[in-house]
Amino acid sequence: MAASMAAAARRLRRAFRRSPLWGGLSRRPFSSEPPPASATAVRDAFLSFFRDRHGHQLVPSASVRPRGDPSLLFVNAGMNQFKPIFLGTVDPRSEMAGFRRVANSQKCVRAGGRHNDLEDVGRDLSHHTFFEMLGNWAFGGEYFKEEACRMAWELLTQVYGIPEDRLWVSYFGGDPKAGLDPDLESRDIWLSLGVCASHVLSFGPQENFWEMGNTGPCGPCTEIHYDLAGRGGAPQLVELWNLVFIQHNREADGSLQPLPQRHVDTGMGLERLVAVLQGTHSTYDTDLFSPLLDAIQQGCGVSPYLGRVGAADEGRTDMAYRVVADHIRTLSVCIADGVCPGMSGAPLVLRRILRRAVRFSTEVLRAPPGFLGSLVPVVVETLGDAYPELRKHSAQIVNLVSEDEAAFLASLQRGRHIIDQTLRRLGPSDLFPAEVAWSLSLSGNLGLPLDLVELMLEEKGVQLDSAGLARLAQEETQHRSRQAEPAQERGLQLNVHALGELQRRGVPPTDDSPKYSYSLRPSGGYEFGTCEAQVLQLYTEDGTAVASVGKGQRCGLLLDKTNFYAEQGGQASDRGYLVRVGQEDVLFPVPRAQVCGGFILHEAVAPEGLKVGDQVQLHVDEAWRLGCMEKHTATHLLNWALRQTLGPGTEQQGSHLNPERLRFDVATQAPLTPEQLRAVEGTVQEAVGQDEAVYMEEVALARTAHVPGLRFLDEVYPDPVRVVSVGVPVAEALDLASQAALQTSVELCCGTHLLRTGAVGDLVIVGERQLSRGTTRLLAVTGEQAQQAREVGQALAQEVGAAAERLSRGSQDVVEAQRLSKDMGRLTDAVDTAVMPQWQRRELQATLKVLQRRANTAIRKLETGQAAQKTQELLRRHSEGPLIVDTVSTESLSGTTPAFTAEAWALAVCSHMGGKAWGSQVVAQGTGTTADLEAALRTARAYALNQL
């Protein structure tokens, strides 16, 4: 009976997870006591229960941006911030090291990465990208299964008043393959608490065994489920609460070993709990969402939300309600925590979320412009008391959401028009061109997510050329990899003959002054202007000048003027697109521009024909350009900081930058010390923190000839030349009497720069290597990447500190000592490869080297003691007879890498005796001849001591 009920429950659970509706929920109270009236009361009741009744410390929610954990895009579970405790790497000097029993409500985002609910949001009544996870934890065996189960049962049945007969529990039924017995202890605890035996079900490791990853802490879990059907029919189970008992460690070889300390980790989704307690059919029907749904109706003037899904949701109105309500919560929480829409990683995911919300609000709900920003105060009112950072940053959230919404609406309108125009040119069975879709995408020009482009085509019954799209994606990946360093393949070029012909015809050099036409908006964002130009000449891929190019042809365009920055001065080329004036629905992607003898050659792929004399309008990829500006200004600050730290004679040898990172080569007498690297970063941070103005002006080259402190490279500069000065107007910086160039960064530079230093955010030097004697190459990141690098470094420093603490406590067990030595090796590998501050890497590497030696010494001492003890045992056991035949355990030999091998040791000794040796790392033998055996023994001893 139990087995059949378990199978039925499994089917019901799986069916429920696929079901778009929560059916059959009663709206009656669960007990004579009224249930918590609001989500706020439910959250507060949870926290108060664990604090007041069971002595838990309440800790704030961590930021949704993971700290020191590059494996995650967002915090997606309550346990993320406690990973150092589970892994044993918590800094013993930190507050976290003192945690014993804690509880909180954690902000979680599941969008992108392994846990990704983004595309499911809106299609059903339960998925969210942002949710709150209620949790309680016990560390180091503070309490375990019995107390955890009893507390959970008490809260659900006595505090929240959920009827006991509506609750079911599951426990781990064992895994014979892994040698794990059933968790009968949990089963018996539930039965002792009064759970009906037919409501206690066992499941295998897929359902009831939790693991942090491929390796690391893990253990059985027991789940509490709510029966949606009640007494009305077959049970329909939905998980409410998961209680994990962390008691094993998954080793690298796949085996399970018991943890020295056990922990309890529980998690319960607030939204689902509130839905149960408020008797609703959906999480969207709770008071966490109803204020937003009401605001959406009022702001858009559409029919009220009815909770329909699938075919019943005509026009997808209710789906749009859910998408917008969910996404504005996610956007608000993320921006408040410092994650803003951007071009890579978590910021890129957030950008997709914002644009998905904009599309549903405008196309389905017919929302007016600026509508999304108007919902932010509703989110703040709903969640601001629990998460005060929302109130603190509410104005910034509104501004960012509104700006990105406006930009995307413009792109969306143009994208729809381009799709319609393209479809009119296609035959009934033609595939939609991959090049056009790519030009519309985030990777192309208009910044529309590719899945959104595909959805827009799907709605029109058109199939996309997926193979062509895959090819373009591969080319983009290759292009990005080349951008990591200066490109070796230079693409289209104007050869000497083409340049001579242009000069013969009297064609003037390209006017690229519009590349400097940008300004700061009051909100802090940048506004980039477009540029109208005339096609002066077209070139084929082999450099042949032509009067026109056809559809699909890769070509070079020479224009009379441009706002594109061509790659020079170490700054990567701009990218973007151009359109013909009067035909803005056809985009010509421009992946890069290059300068050739004063002429700017734009590489492009022509989706349609183009000819000399056409008037075009150019649009730069604003996010790409802004990334280059940020890195270039940061490069100047880095150059200045190096001079401040290493001395005024420090010379730049070269640099290269793109939006991802910057590379800087500097002449040095010796490698930079960790202290110098840290001082350089500190000087840059000071300039960034002051948010100084960046002044740029073209001046006569002669004016720069004798200015003390002015930085320039050994190259030919144009006249007039552009001067970039941080914090001091150019005229003052060039005044010989002011000495201003000695006090700040002043350089000759043709690049594009920020207008204020604050937008750099931060700078971290993440790499350093010697290119040649006297030249050091530095790699650095800025902004969000820099902050993440610092967090990774801090996390690794805590792990090293925890390892040092473990080592100082000592060990009497060889196996434990070997495990610690392995941990040192793992940490060394992590520190060597992590994106983290270089100064901190060098310090941790030095510390780990010492710790590894100490660990190996401890192992050798323990092994020597064991060997001596074993020798005495053998002699006692075999006190009679001319020889000893016995076994010696070699378990310890696999625990750590020996300082030298047995074969090498034997070879060193036997070679001294004119002989030879052979063997393996742990066992060897050899032959030789000597009249002085003591000398051979001294050789053996000296070799060993030298290796150790």
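Along each chain, numbering runs from 1 in the same order as the chain's sequence is written. Local features in this predicted model are restricted to residues whose pLDDT is 70 or higher, and side-chain atom pairs enter the listing and the counts only when it is 80 or higher, whereas totals over whole chains, interfaces and linings include all residues. Derived side-chain values reflect all non-hydrogen atoms in the structure, with water molecules and hydrogen atoms excluded from consideration.

Student: So what about the overall build of the protein chain? Which residues, and what values?
Tutor: A run of H or I in DSSP becomes a helix once it reaches four residues, and a run of E becomes a strand once it reaches two; helices and strands are each numbered from the N terminus. Helix and strand content of the protein chain: 25 helices and 30 strands. On the principal axes, the C-alpha backbone points of the protein chain span a range of 105 × 95 × 60 Å. When each of the 948 residues of the protein chain is scored for burial, the buried share is 51%. Should any heavy atoms of two residues lie within 4.5 Å, those residues are considered in contact. Sequence separation of 24 or more characterises 71% of the internal contacts of the protein chain that already satisfy a separation of 6 or more. The protein chains shown are the only cover counted for residues, whose accessible areas, like all others here, come from Shrake-Rupley with a 1.4 Å probe. If you sum the accessible surface of the protein chain, you get close to 42200 Å²; carbon and sulfur atoms cover 51% of it. The positive charge centre, built from 94 side chains, and the negative charge centre, built from 112, are 3 Å apart in the protein chain. Only protein chains enter the calculation, and the probe is 1.4 Å; a residue is then buried if its accessible area is under 20% of its type maximum, exposed if over 50%, and partly exposed in between. When charges are counted, neither His nor the chain ends are considered; positive counts come from Lys and Arg and negative counts from Asp and Glu. Where a charge sits is defined by one atom per residue type, namely NZ (Lys), CZ (Arg), CG (Asp) or CD (Glu).

Student: Before we move on, can you summarise the pairing of strand S7 (residues 216–227) with the specific residues and values?
Tutor: A regular strand places its side chains so that they alternate between the two faces of the sheet. Of all twelve residues in S7, twelve are buried, a share of seventy percent or more. Strand pairing is defined by DSSP finding a minimum of two bridges between the two strands. Direction of pairing for strand S6 (residues 209–211) relative to S7: antiparallel, over a ladder of three bridges. Opposite Trp-210, over in S7, you have Gly-219 as the bridge partner. With ten bridges connecting them, S7 and strand S8 (residues 237–250) associate as antiparallel partners. Its bridge partner being in S8, Ile-224 is matched across the sheet by Trp-241.

Student: Can you break down the sheet that holds strand S25 (residues 721–726) residue by residue, with the values?
Tutor: Reading across the sheet, the three strands line up as S24-S25-S26 and stay open at both edges, with antiparallel pairing between neighbours. The open sheet has two edge strands, strand S24 (694–699) and strand S26 (746–748), and neither has a second partner. Each neighbouring strand pair of the sheet contributes to a mean axis angle of 20 degrees, computed without reference to strand direction. Pairing geometry for S25 and S26, over three bridges, is antiparallel. In this analysis an axis means a line fitted to C-alpha atoms, helices contributing only their contacting stretch, and an angle means the value between N-to-C directions, from 0 to 180 degrees.

Student: Could you give me a rundown of the packing of aromatic side chains, with the residues and numbers involved?
Tutor: Here the aromatic set is Phe, Tyr and Trp, taking the six-membered ring for Trp, and pairing holds for ring centres within 6.5 Å; pairs whose planes are under 30 degrees apart are stacked, those over 60 apart are edge-to-face, and all others are tilted. Within the structure shown, the criterion is met by 16 aromatic pairs. An angle of 55 degrees between the planes, with centres 4.9 Å apart, marks the rings of Phe-46 and Phe-50 as tilted. Of this pair, Phe-46 and Phe-50 are both found in helix H2 (residues 39–53), four residues apart, which corresponds to roughly one turn of the helix. Summarising the aromatic geometry, the rings of Phe-86 and Phe-139 are spaced 5.8 Å apart at their centres and angled 55 degrees between planes, so their arrangement reads as tilted. Of the two residues, Phe-86 sits in helix H3 (residues 83–87) while Phe-139 sits in the loop between strand S3 (130–138) and helix H4 (145–159), which places them 53 residues apart along the sequence. Each member of the pair, Phe-86 together with Phe-139, is buried. A ring has a charge above it when a Lys NZ or an Arg CZ is no more than 6 Å from the ring centre and no more than 35 degrees off the ring normal. When the ring centre of Phe-144 is taken as origin, the NZ or CZ atom of Arg-262, which lies over that ring, is 4.0 Å away.

Student: I'd like to hear about the packing of H2 against H4, residue by residue, with values.
Tutor: Between H2 and H4, the least distance of the axes is 11 Å, while the angle of their chain directions is 125 degrees. When the interaxial angle is binned, H2 and H4 end up oblique. Crossing hand, H2 versus H4: right-handed. For the pair H2 and H4, the contacting residues are Ala-45, Phe-46, Phe-49, Phe-50 and Arg-53 in the first and Met-151, Glu-154, Leu-155 and Val-159 in the second. The residue inventory of the contact of H2 with H4, partitioned by class, reads seven nonpolar, no polar and two charged. Here is the rule for angles: anything less than 35 degrees is roughly parallel, anything more than 145 is roughly antiparallel, 65 through 115 is roughly perpendicular, and the remaining ranges are oblique. Helix crossings fall into two classes, left-handed where the near helix is turned counterclockwise from the far one by less than a right angle and right-handed where it is turned clockwise. Each residue gets one label: Ala, Val, Leu, Ile, Met, Phe, Trp, Tyr, Cys and Pro are nonpolar, Asp, Glu, Lys and Arg are charged, and the others, such as Gly, are polar.

Student: Quick one: what's the story with the environment of Leu-155, residue by residue and with numbers?
Tutor: Note that Leu-155 resides in helix H4. Each C-alpha atom of the pair Leu-155 and Ala-311 lies 39 Å from the other, and the pair is 156 residues apart in sequence. The contact partners of Leu-155, leaving out residues within four places of it in the chain, are Ala-45, Phe-46, Phe-49, Phe-50, Tyr-160, Trp-241 and Met-268.

Student: How would you explain the nonpolar core if you had to name every residue and give the values?
Tutor: To qualify as a nonpolar core, a set must consist of buried Ala, Val, Leu, Ile, Met, Phe, Trp, Tyr and Cys residues joined through side-chain atoms within 4.5 Å. Of all hydrophobic cores here, the largest spans 121 residues; its most connected members are Tyr-160, Trp-241 and Ile-296. Per-element accounting of this core gives the leading share, twelve residues, to helix H9 (residues 317–336). Not counting residues within four places of it along the chain, the set of residues in contact with Trp-241 comprises Phe-46, Phe-50, Asn-136, Ala-152, Leu-155, Leu-156, Thr-222, Glu-223, Ile-224, Thr-266, Gly-267 and Met-268. With 52 residues, the next largest nonpolar core counts Cys-531, Leu-578, Val-616 and Leu-637 among its residues.

Student: Break down the pattern of salt bridges for me, citing the residues and quoting the values.
Tutor: Salt bridge criterion: a side-chain nitrogen from Lys or Arg within 4 Å of a carboxyl oxygen from Asp or Glu. Within this structure, the stated rule accounts for 47 salt bridges. For Asp-512, the salt bridge goes to Lys-515, with nearest N and O atoms at 2.9 Å. Here Arg-777 and Asp-665 are joined by a salt bridge, their closest N and O atoms 2.8 Å apart. Note that Arg-777 is positioned in strand S28 (residues 775–782) and Asp-665 in strand S23 (residues 662–667), a separation of 112 residues in sequence. A network of salt bridges, in which partner residues are shared, links Arg-316, Arg-359, Glu-363, Arg-416 and Glu-459.

Student: Break down helix H22 (residues 814–833) for me, with residues and values.
Tutor: One less than the residue count of a helix, multiplied by 1.5 Å, gives the span that helix is expected to have. An ideal rise of 1.5 Å per residue puts 28 Å on 20 residues; H22 measures up with 29 Å between its terminal C-alpha atoms. Looking at H22, one finds that the buried residues are Val-814, Ala-817, Gln-818, Leu-820, Ser-821, Asp-823, Met-824, Leu-827 and Val-831. Where H22 is buried, its residues contact helix H21 (783–809) and helix H23 (838–877).

Student: Just give me the short version of the UniProt feature "binding site: Zn(2+)" (unreviewed entry) in the protein chain, but keep the residues and values in it.
Tutor: UniProt positions are given in the numbering used here, feature names are shortened, and annotations may be inferred rather than shown by experiment. Feature annotation in UniProt places "binding site: Zn(2+)" (unreviewed entry) on His-632, His-636, Cys-749 and His-753, given in this structure's numbering. Across 122 residues of sequence, these annotated residues stay compact in space, with a maximum C-alpha separation of 9.8 Å. With respect to the helices and strands, the residue His-632 is situated in helix H18 (residues 622–646). His-632 has contacts with Gly-569, Gln-571, Leu-657, Cys-749, Gly-751, Thr-752 and His-753, leaving out every residue within four places of it along the chain. Mapped onto the fold, His-753 is located in the loop between S26 and strand S27 (763–772). Of the residues examined, His-753 reaches a relative accessible area of 1% and is grouped as buried.

Student: Go over the packing of H21 against H22 with me, naming the residues and quoting the values.
Tutor: In the contact formed by H21 and H22, the axes pass within 11 Å of each other and the chain directions differ by 160 degrees. The angle between H21 and H22 falls in the class roughly antiparallel. For the pair H21 and H22, the sense of crossing is left-handed. Between H21, through Leu-796, Glu-799, Val-800, Ala-803, Arg-806 and Leu-807, and H22, the contact on the second element is made entirely by Glu-816, Leu-820, Asp-823, Met-824, Arg-826, Leu-827, Ala-830 and Val-831. A breakdown of the residues in the contact of H21 with H22 according to their chemical character gives nine nonpolar, no polar and five charged.

Student: Tell me about H9, residues and numbers included.
Tutor: With 20 residues, H9 extends 29 Å between its outermost C-alpha atoms, agreeing within 8% with the 28 Å of an ideal straight helix rising 1.5 Å per residue. Summarising burial for H9: 20 of the 20 residues are buried, a large majority. Directly after H9, the chain includes Gly-338, whose backbone phi takes a positive value near 90 degrees.

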